[in-house]
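As a plain string of letters, each chain reads:
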Amino acid sequence: MSKDLSQEKVVEGLTGFVRERFLSGDGTGFDEHTPLLAWGILTSLNSAILLNHIAREYGVAVPMERVDEVSFRDVRSIAAMICESAETTA
Amino acid sequence: MSLHDYVVETAARHPERPAVRWVGGVLRYGELNARADALARALAAHGVGRGDRVPIWSAKSPRTVVAMQAVLRLGAVYVPVASTTPAARLAVVAADCGAAAVCTTPSGVERLAGILAPGTALVDMGQDLRPAEPVYTAVAPGEPAYILYTSGSTGRPKGVCVGHGNARAFVDWAVAELAVTPRDRLANHAPLTFDLSVLDLYAAFAAGASVHLVPPELAYTPVRLARLVRDEGITIWYSVPSALTLMIRDGGLLDEPAPPALRAVLFAGEPFAVEHVRRLAAWTGARLLNLYGPTETNVCTFHEVRPEDLRRDQPVPIGRASCGDTVWAVRRDGGVAAPGDEGVLHVDGPTVMLGYWGREPQTGPYRTGDVVRVRDDGAFDFLGRDDDLVKVRGHRVEPAEVEAVLTAHPDVGEAAVVVRGEGADAALVAFVVAGPGGPPGVLALKRHTAERLPPYMIPEQIRFTTVLPRTANGKTDRAGLKERAQ
């Protein structure tokens, strides 16, 4: 991930991705604070799709230890984790 | 003998032995016993006593195991409810079983304030408790030990009430069949709300072995699940086949040689695709056992995988009766199925539940609703269901319950829920006809169901349609919808 890619850009990109892939494009009301795990939007079935997207789009391999209910609570927390991981590996 | 005797007796003889392990920690039998006594005193101070029902609303953790032991030694009945279950559903469960108290975390106490029936005590299971005198209540085998709530076909969850004798018949069989010793480390993959966990916990406690609590979030990272088997020296693994499939397919389980400590792999809850069983068998010399039984009977049949099973093109058999039970299949014409016949499996014996909480006690055989074929050797092959119940990664779901919740939304006219895919890829798909107010939106329905149902019952996909297809006799055409869902 380029160092100047802001967390806001990641939030925007992830929001669009989740809306398109996991909500059949019908994301009315979906935003960065919508609970992903608690509302069954992110599941054990589709989490691999998201992790692959993150690796491809942002060049970040999410550490397995970070895949938990805190880091994956919503788009905002995932974006924060991506930026943090990118900085650590830069 | 009571279900709580396992811990009490092992703690008396071997307090230093590890009882519960988790990543980075261990709780020894002496500590588990002492903490259970202390919490039992606290529960008793809230008026909890013999026969009372106590939901435990918390994540899988050593504290939850302590709470289960605390409730049991009061002669009370624990009702495990996962922390991911919404508060509204916990309230439904608590009301259904007439809970005397709810044991939960400090945040749970806050969330439940005001939504439980008056008189239901809220007990913080995380509180620091002073050491207390031992608590012990002897109970009869026919008294209830725990209630497991499952999806209900009437649109409401139903509580399967399991007695001390029911549970012990299964646990004692499992300990003998697997020859569990104090050196064993059993993995607890299943949620504590799921009957698979009964083997993990209590077979370990009965033998003075340890149980390793597998964090539920590892479901999202099969690589870590596979690594755990190796790193934690697991000797007995028990899970739904879906978990093993994910570990094999996405977790690289078979990429390294099998850990020598692993000596038994047990699976239950759904059919296991035989190609994965073949790969497992080629990878490890561990015993592979298929355990079968609905929550109402715990495990009532089992089958140890043999070389000839791997040459078939269908899942391994569910096998023969276990735990002292008697099982047989009844044909459509009412006769007992002979080899080659198909029929619905019936179970009678010591593991059959006491009944559904609040309903008439179970007397006589339990009709499982599972259709089987009798093999030439008298064992059974599982074929499917004779009703609408579906399985999603081992969790059983009554579509009617999800549909009842969906249609309770003001903008939903009708809804039908089917399952798409199978095994590790199974997912619920809801077909929804909008009400007069127009379609409510996918997110709105996700939220609506998440506030009322446990996560595994939230439809993965929601599709809007103008009308639900009907069969010739006017019923929802579920077969047609299932085809559309693929």
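Residues numbered from 1 in each chain as written. Chains lettered and ligands numbered in written order. Predicted model: local features only at pLDDT ≥ 70, side-chain atom pairs only at ≥ 80, totals over all residues. Heavy atoms only, no water.

Some remarks on the overall build of chain B
Okay, step 1: A count of helical and extended segments in chain B gives 13 helices and 25 strands.
Okay, step 2: In terms of overall size, chain B behaves like a compact globule, its C-alpha atoms giving a radius of gyration of 22 Å where 486 residues would be expected to give roughly 23 Å.
Okay, step 3: In terms of its C-alpha atoms, chain B occupies a principal-axis envelope of roughly 65 × 55 × 45 Å.
Okay, step 4: By the burial criterion, 58% of the 486 residues in chain B qualify as buried.
Okay, step 5: Counting contacts in chain B only where the partners sit at least 6 residues apart, residues at least 24 apart contribute 65% of the total. (Helix = DSSP H or I, 4+ residues; strand = E, 2+ residues; numbered from the N terminus. Rg over C-alpha atoms; globule rule 2.2 N^0.38 Å. Buried < 20%, exposed > 50% of the residue type's maximum accessible area, 1.4 Å probe, protein only. Contact = heavy atoms within 4.5 Å.)

Regarding the side chain of B:Asp5
Residue and element names in this part refer to chain B.
Okay, step 1: Tracing the sequence through the fold places Asp5 in helix α1 (residues 5-13).
Okay, step 2: For the buried Asp5, which has no salt bridge, the nearest side chain bearing the opposite charge is Arg168, at an N-O separation of 4.4 Å.
Okay, step 3: Asp5 has contacts with Tyr136 and Arg168, leaving out every residue within four places of it along the chain. (Lys, Arg positive; Asp, Glu negative; His and termini not counted. Salt bridge = Lys/Arg side-chain N within 4 Å of Asp/Glu carboxyl O.)

Considering the UniProt feature "domain: AMP-dependent synthetase/ligase" (unreviewed entry) in chain B
Okay, step 1: When the UniProt feature table is mapped onto this chain, "domain: AMP-dependent synthetase/ligase" (unreviewed entry) is found at residues 9-357 of chain B.
Okay, step 2: Helix makes up 31% of residues 9-357 of chain B and strand 24%, whereas the separation of the span's terminal C-alpha atoms amounts to 30 Å. (UniProt positions renumbered as here; feature names shortened; annotations may be inferred.)

Quick notes on the pairing of strand β10 (residues 210-213) of chain B
Residues and elements named next belong to chain B.
Okay, step 1: Neither face of β10 is open: one carries Ser210 and His212, the other Val211 and Leu213, and all of them are buried.
Okay, step 2: Note that strand β1 (residues 18-22) and β10 share two bridges and pair parallel. Note that in β10 the partner of Val20 across the bridge is Val211.
Okay, step 3: With four bridges connecting them, strand β9 (residues 185-188) and β10 associate as parallel partners. If you follow Leu186 over to β10, its bridge partner there is Val211.
Okay, step 4: Following the backbone out of β9, through helix α7 (residues 196-207) and into the adjacent parallel β10, one traces a crossover that is right-handed. (Pairing = 2+ DSSP bridges. Right-handed = clockwise from strand over helix to strand, strands pointing away.)

Here we look at the UniProt feature "domain: AMP-binding enzyme C-terminal" (unreviewed entry) in chain B
Okay, step 1: In this numbering, the UniProt entry assigns the feature "domain: AMP-binding enzyme C-terminal" (unreviewed entry) to residues 401-475 of chain B.
Okay, step 2: Annotated as residues 401-475 of chain B, this span is 21% helix and 28% strand, and its ends, taken at the C-alpha atoms, are 17 Å apart.

Let's talk about the environment of B:Tyr238
All names here are of chain B.
Okay, step 1: Relative to the helices and strands, Tyr238 resides in strand β11 (residues 236-239).
Okay, step 2: Classification of Tyr238 as buried rests on a relative accessible area of 2%.
Okay, step 3: Expressed as a C-alpha distance, the spacing of Tyr238 and Ala187, which sit 51 residues apart in the sequence, is 6.7 Å.
Okay, step 4: Residue contacts for Tyr238: discarding those within four places in its chain leaves Ala187, His189, Leu196, Leu199, Asp200, Leu266, Phe267, Ala268, Leu291 and Val299.

Concerning the sheet that holds strand β19 (residues 366-374) of chain B
Residue and element names in this part refer to chain B.
Okay, step 1: Strands sit in the order β16-β17-β19-β20 across an open sheet of four strands; the sheet is antiparallel. Every interior strand has two partners, whereas the edge strands, β16 (326-330) and β20 (380-385), have only one. In this sheet, adjacent strand axes meet at a mean angle of 45° when their direction is disregarded. (Axes fitted to C-alpha atoms, helices over the stretch in contact; angles between N-to-C directions.)

Re the pattern of salt bridges
Okay, step 1: The tally for this structure, following the rule as stated, stands at 33 salt bridges over all chains.
Okay, step 2: Among the ionic pairs, A:Asp74 bridges to A:Arg73, the shortest N-O distance being 3.8 Å.
Okay, step 3: A relative accessible area of 5% places A:Asp74 in the buried class.
Okay, step 4: Note on A:Arg73: relative accessible area 44%, which makes it partly exposed.
Okay, step 5: Close ionic contact of B:Asp381 with B:Arg312 constitutes a salt bridge, the shortest N to O distance being 3.0 Å. Taken together, the residues B:Asp381 in strand β20 and B:Arg312 in the loop between β14 (301-304) and β15 (320-321) connect sequence positions 69 residues apart.

Some points on the UniProt feature "domain: Carrier" (unreviewed entry) in chain A
Okay, step 1: What UniProt calls "domain: Carrier" (unreviewed entry) maps, in this numbering, to residues 29-82 of chain A.
Okay, step 2: Overall, residues 29-82 of chain A shows 37% helix and 0% strand. The separation of its end C-alpha atoms is 24 Å.

Some points on the pairing of strand β24 (residues 427-434) of chain B
Two faces make up the sheet, and in a regular strand the side chains alternate between them.
Residue and element names in this part refer to chain B.
Okay, step 1: The element β24 is extensively covered by neighbouring structure, given that seven of its eight residues are classed as buried.
Okay, step 2: Both strand β23 (residues 412-420) and β24 contribute to a ladder of eight bridges, which runs antiparallel. The partner of Val418 across the bridge, within β24, is Val429.
Okay, step 3: The antiparallel pairing of β23 with β24 creates a hairpin that spans six residues between the two strands, and Gly421 there sits at a positive phi of about 75°.
Okay, step 4: Here β24 runs beside strand β25 (residues 461-464); their pairing, made up of four bridges, is parallel.

Quick notes on the sheet that holds β23(B)
Residue and element names in this part refer to chain B.
Okay, step 1: Read across the sheet, three strands follow the order β23-β24-β25 without closing on themselves; strand pairing throughout is mixed. Across the chains shown, the open sheet's two edge strands, defined by having one partner strand only, are β23 and β25. On average, adjacent strands in this sheet sit at an angle of 25° to one another, irrespective of strand direction.
Okay, step 2: Of the strands in this sheet, β23 and β24 are in contact with helix α11 (residues 399-407), which crosses β23 at around 150°.
Okay, step 3: In the packing of helix α12 (residues 442-450) onto the sheet, contacts are made with β23, β24 and β25, and the angle to β25 comes to roughly 130°.

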